[in-house]
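# Observations on chain architecture
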Amino acid sequence: MLKRIEIPGATLSVNDVGQGSPILFVHGFPLDHTMWREQVADLSRDHRCIAPDLRGFGQSTVTEGKVSMEQFADDLVALLDGLAITEPIVLCGLSMGGYIAWQFVRRHAPRLKAIILCDTRAVPDSAEAAANRLKLADDIVRSGPELVANAMLPKFFSERESNRRSILKEELRRVILATDPRGIAAASRGMAERADARPWLATIDCPALVLVGEQDIISPPAEMSEIAAALPHAAFRGIPDSGHLAPLENPPSVNEAIRSFLTTT
Ligand code: MLT
């Protein structure tokens, strides 16, 4: 049963299960909290797992126009306040969740115990990529989320065909098609103008785990290993048999990597 938490300007839906030190799971674009279900099922045995739907996604309320990565990060802090969580958390973000993590580190570092960066990037969009995102945002509002489902689904998993991957793709298509186009558009516009996080990496002094699917074509392993090398206290793990959505594609490996990182933090 999801909780509903009021934050300034929105109501967030959140899966909050388990007891112990808190892990905040931040989903990628254009998905919802369910992408973390395999991690929540395992880690909630001995941690408090908090997996929200970000503003504009899942069952959370929608803000039209643009939602910046800064706003999403502030929303997460308001959510923690709403849940009366004051102790420092482990933040685990995938892709857009990682873009949000950079802002969380910059703006709310005292709330962080450690970060886990999954399949994400520190570089901003090129001018061309940003222009494409803005166009896509307008197109989605006009004609619905199918456009973005068709664009993203082929890039989410490794190329290996399997029944399980087909089922996951169908499931994610349903999640995307059920998402309010205005929420998807607002996050697209926010991502288009996100800052370059590379200059900050050397200043992030909490423990970090950098995880990447070995076949990720959106945030490739070579780029993620550069992020790990630039962070002062990072471990790097490649996840075999996985593309961009490694937590869904190879949960045993991702869960094991997270568990072994947590024992060192
Ligand atoms: C995501 O998975 O969140 C997206 O790939 C992020 C992006 O489009 O840059």
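Residues numbered from 1 in each chain as written. Predicted model: local features only at pLDDT ≥ 70, side-chain atom pairs only at ≥ 80, totals over all residues. Heavy atoms only, no water.

With respect to the helices and strands, Asn250 occurs in the loop between helix 9 (246-249) and helix 10 (251-262). Polar contacts involving the side chain of Asn250 include one to the main-chain carbonyl oxygen of Pro240, which spans 2.9 Å. Discounting residues that sit within four places of it in the chain, Asn250 has contacts with Ile239, Pro240 and Ser242. (Helix = DSSP H or I, 4+ residues; strand = E, 2+ residues; numbered from the N terminus. Polar contact = N/O pair within 3.5 Å; in protein donor to acceptor, adjacent residues only side chain to side chain. Contact = heavy atoms within 4.5 Å.)

Here we come to the pattern of salt bridges. Two side chains with opposite charge may pair up if their charged atoms get near one another. Going through the model one piece at a time under the given rule, you end up with 22 salt bridges. The salt bridge partner of Arg37 is Glu171, with a shortest N-O separation of 2.7 Å. In this pair, Arg37 sits in helix 1 (residues 37-43) while Glu171 sits in helix 6 (residues 163-177), placing the two residues 134 residues apart along the sequence. Residues Arg55 and Asp75 are paired through a salt bridge, measuring 2.7 Å at the closest nitrogen-oxygen approach. (Salt bridge = Lys/Arg side-chain N within 4 Å of Asp/Glu carboxyl O.)

A word on the site of the ligand. As a structural note, the neighbourhood of the ligand is formed by Gly28, Phe29, Ser95, Met96, Tyr99, Arg133, Met152, Met191, Ile218 and His244. In this structure, Phe29 approaches the ligand through a main-chain N or O atom, which is 2.7 Å from an oxygen atom. In the model, an oxygen atom of the ligand is placed 2.9 Å from a nitrogen or oxygen of the Met96 main chain. Contact with the protein chains covers 94% of the free accessible surface of the ligand, which is 270 Å². When each cavity is represented as a set of grid points, the ligand is found to reside in the largest pocket. (Near = heavy atom within 4 Å. Areas by Shrake-Rupley, 256 points an atom, 1.4 Å probe, with all protein chains shown as cover. 1 Å grid on protein atoms, 1.4 Å probe; cavity = no way out; pocket = protein on both sides within 12 Å on 5 of 7 lines; lining within 4 Å. Sits in = over half its atoms within 2 Å of the grid points.)

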